[in-house]
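Here are the chains, one letter per residue:
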Amino acid sequence: MNKLPAPKPTESELEILQVLWQHGPSTVRFVNDELSKKRDVGYTTTLKLLQLMLEKTLVFRDDESKTHIYRAAVREEETQGLLLDRFVESTFGGSAMKLVMQALGNRRTSQEELQQIRRLLNDIEIKNDTTPPSTDEAL
């Protein structure tokens, strides 16, 4: 059984998903109020976006009560990974090194951030050393 790829959210849909990931299941009014803290957005615009997101399977809707409750149908980490993979592929030719070099070279990096990056690199090295090669790599 082939799993369909997760739909890529638009910028506006991603803003809504951020609200749902941070606050959990929410009404249209709540989502709209949260979005309005950053920019002017109409209630009907938020409602229409949530309806489109429902069709795209980015959100679920609970129709049990008079007030519909929406919740994210996609996980934050998976969505971030999908968007990052597409970004790295289209912008940096698939090179994570180019992405990291660009990110670290364009701003001052604190000692704490550098220590976290070193720990992450160490963890990745350990994981790579203990993970057996796939059958494709063995050929």
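Residues numbered from 1 in each chain as written. Predicted model: local features only at pLDDT ≥ 70, side-chain atom pairs only at ≥ 80, totals over all residues. Heavy atoms only, no water.

Colleague: How would you summarise the packing of helix H2 (residues 28-36) against helix H3 (residues 43-55) if you had to cite specific residues and measurements?
Modeller: Packing of H2 against H3 brings their axes to within 9 Å, and their N-to-C directions diverge by 115°. H3 is crossed by H2, and the crossing has right-handed handedness. Counting all contacts with H2, which are made through Val-28, Arg-29, Val-31, Asn-32 and Leu-35, the residues of H3 involved are Tyr-43, Thr-46, Leu-47 and Leu-50. A breakdown of the residues in the contact of H2 with H3 according to their chemical character gives six nonpolar, two polar and one charged. (Axes fitted to C-alpha atoms, helices over the stretch in contact; angles between N-to-C directions. Helix = DSSP H or I, 4+ residues; strand = E, 2+ residues; numbered from the N terminus. Left-handed = near helix turned anticlockwise from the far one by under 90°. Contact = heavy atoms within 4.5 Å. Nonpolar A, V, L, I, M, F, W, Y, C, P; charged D, E, K, R; others polar.)

Colleague: Any chance you could break down the domain arrangement of the protein for me, citing the residues and the numbers?
Modeller: Domain annotation of the protein identifies domain 1 (11-76) and domain 2 (95-128). Inter-centroid distance (C-alpha atoms) of domain 1 to domain 2 is 34 Å. (Domains from an automatic or database assignment.)

Colleague: Tell me about the sheet that holds strand S2 (residues 59-62), residues and numbers included.
Modeller: Reading across the sheet, the three strands line up as S1-S3-S2 and stay open at both edges, with antiparallel pairing between neighbours. One side of each edge strand has no neighbouring strand; the edge strands of this open sheet are strand S1 (26-27) and S2. Bridge count for S2 against strand S3 (residues 69-72) is four bridges, and the pairing is antiparallel. For Arg-61, the partnering residue across the bridge sits in S3 and is Tyr-70. Relative to the sheet, H3 contacts S2 and S3, its axis offset from that of S2 by approximately 110°. (Pairing = 2+ DSSP bridges.)

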